[in-house]
Structures are given as structure tokens and as C-alpha cells.
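What follows is the residue order along each chain.
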Amino acid sequence: MAISISRNSGASLTAQIQEFIREEIEEGTLQPATRLPSSRRLAEDLGVSRSVVVEAYAQLVAEGYLDTARGASTRVVRHLPRETVLSPLLDAGHVPSARWDLRTGGHSSAVFPRAEWLAAYQRALAAPGAGDRDDGYPPLAGETALRVELARYLGRAHGVRTAPERIVITGGFAQALSLLGADLLERGVSTLAVEDPGHPGLRHFIHASGLRPCPVPVDEEGIDVERLADSGARAVLVTPAHQFPTGITLTPARREALARWARERDGWIIEDDYDGGLWYDPARTRPLALQRLVPERVIYAGTASKTLSPGLRLGWLAAPEPVLSRLLRLRARLDLGSESLSQRAFAELLRGGLFDRHLRRLNKLNAVRRAALDEAVRRHLPGARVLGPAAGLHAYVRLPRHTDEAALVAGALRRSVLVRGGAAFHTRPRRDAPALVLGHARLPRTGVADAVRELAARA
Ligand SMILES: Cc1ncc(COP(=O)(O)O)c(C=O)c1O
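For clarity, every value in this text was computed on a predicted model and none was experimentally measured.

Participant: Mind showing me how you'd approach the overall build of the chain here?
Facilitator: Regarding its fold elements, the chain presents 14 helices and 17 strands. On the principal axes, the C-alpha backbone points of the chain span a range of 80 × 65 × 45 Å. Burial status across the chain gives 53% buried among its 459 residues. Long-range contacts, defined here as pairs at least 24 residues apart, represent 71% of the contacts in the chain between residues at least 6 apart. When the accessible area of the chain is evaluated, it comes to approximately 21,100 Å², of which 52% is carbon and sulfur surface.

Next comes the structure, spelled out in C-alpha cells:
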């Protein structure tokens, strides 16, 4: 263990060791539950007598920094400093722990198709050749087998007009967006229009890539295309199938208008199909990809984050030439491609029909959750309305106009329900449109009704 002590310092060796360890714990360099060397080993390493270390450890145990309770080893205590798990896309600061977590963006590991993934991974491992290239690196655009399967799947399931050679595998949508941002900048496009409300984490990425995110309002039909045209932007990021977070599906008239805007403006549309595959509305069919209306102007992007796990960091985009070649040139400056075994396992899942089966199971489960959520909102939030089709992993609940959204969110937290109000997604807070955004993916199946009842309970 690296400890710096000095024999010329006025402080005793014991005090120096104590001070050093205390500071490292407070700074978080020594993490909770880290095992420290035995007093004998540390004394040897530092060339001091063992009693010096024993005394330092004893003092830190007395102060609550170290713990020797279990067995002989000395560890940093588990609760200092408290570890917080951040969702990088949404949570900029401290996240309080709560019994019911209704934030969007997470996933329950219980729904991951472990057996199928394991079987697909084994098949990928057993297949001859570790990749397409003989040096073992994946092609920059991604494993050919996955691009072939994705082209088939995206065409069949979402009507995307593409081909394997026009697909790039990315580290989730986040990486796709960074690449697209860099490409737009290089071509002199400095503003990217975004839906308002929209994803605050994505706005952050857009900022970080040097572009200016320009908010365009979303109404009951989806993004307001006239306002987009007025904004002067030449590129826009949209979630047309299931707008994030309102859940609204872009109407056919707006889709046509958006396609027209792209043609006339010489503009670019980034279609973020973040929850493609998750649709369980018995009354409405999922619209096909916007991309098919103007394939030469749309970059269609998808991700495995909602259907499999965000931990896979697996996404894809289908882009027209010459955008695709430019993206690959940009990527060549940044990394050496995406991890290939997961790509090949995902290709196996798609090829064998196991992914379709997984989606059917997931949609059944989510339909039950959504029905419970609708019923709980009817019962516990009178006057509130759930917008949009039954799809994805969240629902947007519009509250009666007089509702104090901030007070409702704060009150919910006091009852251990972590939920975000609509304000967290708007670029400018709007008092006249109070809402809640309810993510149901992190809850156990039966938790939805309890969570809504609890959040609506008046203290
Ligand atoms: C609107 C939206 N787009 C994209 C993503 C997924 O990003 P990634 O594929 O980087 O996990 C999310 C995930 O929370 C999202 O909410």
C-alpha cells in the first residue's frame, strides 16, 4: 500500500500514517470496504515497527474510519463516504436512495434473458474465427454478422430502408450522438434542434460535442415542425415513435411535414428509436420508422439499452452515404471499434428468433405494469391523464393544471418514492403543464401500483 511518511517531519510516524489514511478515505481514494494490509505487512513495507501501525489502525477504528470486526483483516468501513450510483444520462448530482425508484433510464436485471444470452454467447465463442479481420480487431463499422442481422431485423420490424453496409455498431446511442455531433460540426452545422421537453442527458452530450442544442416545443402531435423551421436549425434530433418523455407518437401529418422540412432545408434528421421493440398497446400499431420517408436525410439510431441492458453499451445507426463514410473516418480517430463478442452474441440472438421471443415476453410483462400504472393513476391521481400509447419503459402523466408539481415530487421523496416531474425534462420550467415521468423498469412487477399510491398520498 502506498503511504507517504517522512522521518524528518515534526509529526510522529503513527500520526502521519493515521493522517494519510484518514485523508485518503475522506477523498474517496481509499474506497469503502477496501482491505488494508495487515499491520505486520505494512510495518515491513514502511520500515517501521509494528506497534506504530497497530496504534494508527486502532485510532482510525476508534474514529469510525476502519473496521476490524470481521476476521483479522482491517477494512475501510462500508458507509464512508456513501457510494451513489449515478445514471450518467440523467443524474448530475447526488441521488437519494428510495424504496420505490421511478426514474427513467434504468433497467431491472431480472428481465435480462440470461439463458438465451449465455447460449448465444457460447455459440459466438465456438464459431470459427474471432472476428472478420485476421488481426482480431472488429471492423470499425461493427461485426458483419450483426450488421447483416440488424439490416434484416430493422427492415422487418420497423420498416427501416437500409443494408448491412450502411449500418455502424456503436457504444450505445450516446456514442452515435457524439459521432453525429462531431460530423455536423465539421460540416459547419453548429446548432442541433431538440425536442422540448426532451432528454436532459442528451442535451448535455450535444453541448459537450460543441453544438448548441436549440429547443423546439412538442405538442399533442409531436414536435412542432413550423417552430423547427422558424428556428433556422439545419439538423434535428427526434424520438418520433414514442417521444421522450411525453410518450406522444408523431402524427402522420407531422411526419410528412418533417420529411418535407429536411428536403427543402437540406437538413438532417437524427431519429432516436430508443425503445424500438417495446410496444404493447392493443389499440394502436407502432408506426414504421420515419427514416423510410426520406432515407437520404435521416440517420436512424437504435440501442439495446431498453430491450436488453444499458450495460451492454450496444447501439447501431443506419446512415446514408456519404454520412456513413464520414462517421467511420471520425470514429477511426477515436477508438478501434466496439467489443466484438457481444456483437456476435447479439447477432446469434437475432438470427435464431430468440430476440423476438424475448421481446414478446418483455412486452407481456410491460403490458401488465402499464395496466397497473393506468389503474393506479385513475385511482390515486384524480384528474391526471397518461399520455401516449402503451410502449417503452415509462409513462408521462399530465397532472391537473393547479397541481404543484415540485411539492408533489418533494412529498413523494419523503415517502421514499423517487420520481421526476416534467420540469426535469423541460429547458425552461413550465408552471402551467405539471406532469410526472414514471419509469417502471426498476420496480418489481407488483411495485407499480404501490409506488403510485404512495407518491399520491398526502402527508
Ligand atoms: C431518449 C433516449 N435516447 C437514447 C437512450 C439510450 O442511450 P444509450 O443507447 O446510450 O444507452 C435513452 C436511454 O435512457 C433515452 O432515454
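Participant: Sorry if this is basic, but what is going on with the domain arrangement of the chain here?
Facilitator: Note: interface size is frequently given as the accessible area lost on complex formation between the parts. When cut into domains, the chain gives domain 1 (13-76), domain 2 (100-111 + 356-456) and domain 3 (114-352). On a C-alpha basis, the centroid separation for the pair domain 1 and domain 3 is 50 Å.

Participant: For this particular structure, what's the right way to read unusual backbone geometry?
Facilitator: A cis geometry characterises the amide bond from D196 onward to P197, with omega recorded as 10°. Position of P197 relative to the elements: it lies in the loop between β6 (191-196) and α7 (200-208). The omega torsion of the bond from E321 to P322 falls at 5°, within 30 degrees of zero and hence cis. With respect to the helices and strands, P322 occurs in the loop between β12 (315-318) and α10 (323-334).

Participant: Explain the side chain of Q243 to me, please; I cannot follow it from the model alone.
Facilitator: When you line up the elements, Q243 lands in the loop between β9 (235-238) and α9 (252-265). One polar contact links the side chain of Q243 to the main-chain carbonyl oxygen of P197, over a distance of 2.9 Å.

Participant: Would you explain the nonpolar core in this entry?
Facilitator: Generally speaking, a soluble globular protein has its nonpolar side chains buried in company with each other. Membership of the largest hydrophobic core comes to 34 residues, with the highest contact counts inside it found for L150, L308, W316 and F346. Secondary-structure elements contributing two or more residues to this core are α4 (114-126), α5 (144-158), β5 (167-170), β12, α11 (340-351) and α12 (354-380). Mapped onto the domain boundaries, this core takes at least three residues apiece from domain 2 (100-111 + 356-456) and domain 3 (114-352). Within the second largest apolar cluster, 25 residues are counted, among which are L180, L192, A301 and L330.

Participant: What is the right way to look at α5 in this model?
Facilitator: Note on helix geometry: an α-helix contains 3.6 residues per turn, so any two residues three or four positions apart are oriented the same way. The first and last C-alpha atoms of α5 sit 20 Å apart over 15 residues, in line with the 21 Å expected at 1.5 Å per residue. Within the sequence span of α5, burial applies to L146, R147, E149, L150, A151, Y153, L154 and H158. In this structure, the buried side of α5 is in contact with β5, β11 (298-303), β12, α11 and α12.

Participant: How should the pairing of strand β10 (residues 268-272) be read in this particular structure?
Facilitator: Residues in a regular strand project their side chains so that they alternate between the two faces of the sheet. For β10, the buried fraction is high: five of the five residues fall into the buried class. Taking every second residue as pointing to the same face, both faces of β10 are buried, with W268, I270 and D272 on one and I269 and E271 on the other. In the sheet, β9 pairs with β10 via four bridges, with the strands oriented parallel. Within β10, the position partnered with A235 by the bridge is W268.

Participant: Please explain the sheet that holds strand β14 (residues 394-398) as it appears in this structure.
Facilitator: Strand pairs in the sheet, formed through backbone hydrogen bonds, run parallel or antiparallel to each other. What the four strands build is an open sheet, ordered β13-β14-β17-β16; its pairing is antiparallel. For this open sheet the edge positions go to β13 (385-387) and β16 (420-421), each flanked by a neighbour on one side alone. Sheet topology note: the β14/strand β17 (residues 435-439) ladder contains five bridges and is antiparallel. Residue R398 lies in a different strand from β17, and its bridge partner there is A435.

Participant: What am I meant to see in the site of the ligand here?
Facilitator: Around the ligand, the structure places 14 residues, and the nearest of them are F173, D272, T303, S305 and R313. With respect to the ligand, the side chain of T303 contributes an N or O atom lying 2.6 Å from an oxygen atom. The contact in question runs from an oxygen atom of the ligand to an N or O atom on the side chain of S305, over 2.6 Å. Here the ligand has 400 Å² of accessible area as a free molecule, and 97% of this is covered by the chains. Counting residues per element, the shell around the ligand draws most heavily on helix α6 (residues 172-186), at three residues. For the shell around the ligand, the class distribution of residues is six nonpolar, five polar and three charged.

Criteria and thresholds
Residues numbered from 1 in each chain as written. Predicted model: local features only at pLDDT ≥ 70, side-chain atom pairs only at ≥ 80, totals over all residues. Heavy atoms only, no water. Helix = DSSP H or I, 4+ residues; strand = E, 2+ residues; numbered from the N terminus. Buried < 20%, exposed > 50% of the residue type's maximum accessible area, 1.4 Å probe, protein only. Contact = heavy atoms within 4.5 Å. Areas by Shrake-Rupley, 256 points an atom, 1.4 Å probe, with all protein chains shown as cover. Domains from an automatic or database assignment. Polar contact = N/O pair within 3.5 Å; in protein donor to acceptor, adjacent residues only side chain to side chain. Core = buried A, V, L, I, M, F, W, Y, C linked by side-chain atoms within 4.5 Å. Expected span 1.5 Å × (residues − 1). Pairing = 2+ DSSP bridges. Near = heavy atom within 4 Å. Nonpolar A, V, L, I, M, F, W, Y, C, P; charged D, E, K, R; others polar.

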